[in-house]
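Here's the letter readout for the chains.
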2 protein chains.
Amino acid sequence: MGKKQEPHRLPSGVGFLLAQLGTHAAATFASSIEDLELTPPQAGLLWMLARKPGRSQRELADDLGMPPSRFVPFADKLEERGLIERRRNPDDRRLHALHLTEQGSEVLGKLGAAARRSEDVLCRALADDEREQLAALLGRIASDQGLSPGVHPGYKSVRT
Amino acid sequence: MGKKQEPHRLPSGVGFLLAQLGTHAAATFASSIEDLELTPPQAGLLWMLARKPGRSQRELADDLGMPPSRFVPFADKLEERGLIERRRNPDDRRLHALHLTEQGSEVLGKLGAAARRSEDVLCRALADDEREQLAALLGRIASDQGLSPGVHPGYKSVRT
DNA sequence: TATTGTTATACTCTATAACTATA
DNA sequence: TATAGTTATAGAGTATAACAATA
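Just so we're clear, the structure is a prediction, and the values are computed from it rather than from any experiment.

How would you explain the protein's contact with DNA strand C if you had to name every residue and give the values?
Taken together, the neighbourhood of DNA strand C is formed by 17 residues, with Gln-57, Arg-58 and Ser-69 of chain A together with Arg-70 and Arg-93 of chain B sitting nearest. Among atoms of DNA strand C positioned within 4 Å of the protein, sugar and phosphate together represent 75%. Interatomic distance of 3.0 Å between a side-chain N/O atom of Ser-69 of chain B and a base oxygen of DNA strand C. Mapped onto the surface near DNA strand C, the elements with two or more residues apiece are helix H3 (57–64) and helix H4 (68–80) of chain A together with helix H4 (68–80) of chain B. Ranked by residues supplied to the surface near DNA strand C, first place goes to H4 of chain A with 3 residues. Residues of the surface near DNA strand C, tallied by class, amount to 4 nonpolar, 5 polar and 8 charged.

Now the structure itself:
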């Protein structure tokens, strides 16, 4: 990049910027849905159920990167609030198919609006066409790296 | 963006991609420095000390987004391994100025190499000029959002 | 016997707050 | 009195593994 080789260049590159901005984006989004009393993983589950209803808890837990034992109380809270419901699968009574309730759909709508607002703030330094460019570049990296669209596996594997 | 308004669009945008890719970039980097037996926050501290030696523990802890009580054992480990050293400030003997040792500098070199390798993998889907475009766009967002270059405050404020 | 969902438990991680030494 | 660094401790969060129901 530069003319001379610096002795120690490190966080000047794309990798560091992505990690830094990713954290910032997550924090911004989290605070934008605080009013709805939802956390990002909860928002993620609602979103996943809207895209594909009726999946088993195990599948969903895997996608969210959490063990089943943690998923149970996690889903409990949303069920108590009436945003999702468990339905026994008659064909295989071991499975609990998860569905969005009507109230859950309403909340999802507000969630989307909050996400768009928070994204607009995040990207306010860019013109519309630059924002599209950015989305395209990021999308290509995500696809190349094998990341599933709409699935955020969380910070499970990042050591501290 | 699209012609019709979808009923629920959410993680199609830049915000979600940034969060998703940021996590992925952090995980990739973390695994690339596993051989050096370093975690990302440890790498961050070494990097910060190279950029500006002799800062107090409190300052550094603030930049890393951790309370002083957690910083102490965190720095202890690196000191035991001979990568950093504490030096009493003679003017104000309360302060412990942190410095990189010679061995710490060597490790930092390997660290930089690992970071570059991991970044090359991350960006392999992009041509060189696209990669520069991306860095420029991300850099502008980071600067607009008030993020300090080279400082990664961690995931402290992200609720789960 | 294998799998889903659940519960129990032991362990790790963390922040809060006391404590010391210096100022 | 106030601040840097340190230590102690209590609480939250987590994974592991046992368990019950169903296949």
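Describe in detail the relation of the copies chain B and chain A, supporting the description with residues and values.
In screw terms, the move from chain B to chain A is a rotation of 180° and a rise of 0.0 Å along the axis, fitting with an RMSD of 0.1 Å. Interpreted geometrically, this transformation is the action of a two-fold axis. Minimal C-alpha separation from the rotation axis in chain B is found for Gly-22 of chain B, amounting to 2.1 Å. Mapped onto chain A, 100% of the interface residues of chain B are again interface residues, and the two copies thus contact each other with one and the same surface.

So what's going on with the interface of chain B and chain A? Residues and values would help.
Tallying the contact residues gives 63 residues for chain B and 63 residues for chain A. When chain B packs against chain A, close to 6600 Å² is buried across both sides, 70% of that on carbon and sulfur atoms. Joining chain B to chain A, the criterion identifies 4 salt bridges. Its salt-bridge partner being Arg-124 of chain B, residue Asp-144 of chain A comes within 3.0 Å of it at the nearest N-O pair. Inspection of the region where chain B meets chain A yields 21 residue pairs in polar contact (both at pLDDT 80 or more).

About the criteria used
Residues numbered from 1 in each chain as written. Chains lettered and ligands numbered in written order. Predicted model: local features only at pLDDT ≥ 70, side-chain atom pairs only at ≥ 80, totals over all residues. Heavy atoms only, no water. Near = heavy atom within 4 Å. Polar contact = N/O pair within 3.5 Å; in protein donor to acceptor, adjacent residues only side chain to side chain. Helix = DSSP H or I, 4+ residues; strand = E, 2+ residues; numbered from the N terminus. Nonpolar A, V, L, I, M, F, W, Y, C, P; charged D, E, K, R; others polar. Least-squares fit on C-alpha atoms with pLDDT ≥ 70 in both. Contact = heavy atoms within 4.5 Å. Buried area = accessible area lost by both parts, 1.4 Å probe. Salt bridge = Lys/Arg side-chain N within 4 Å of Asp/Glu carboxyl O.

Interpretation in functional terms is not warranted from these geometric data alone.
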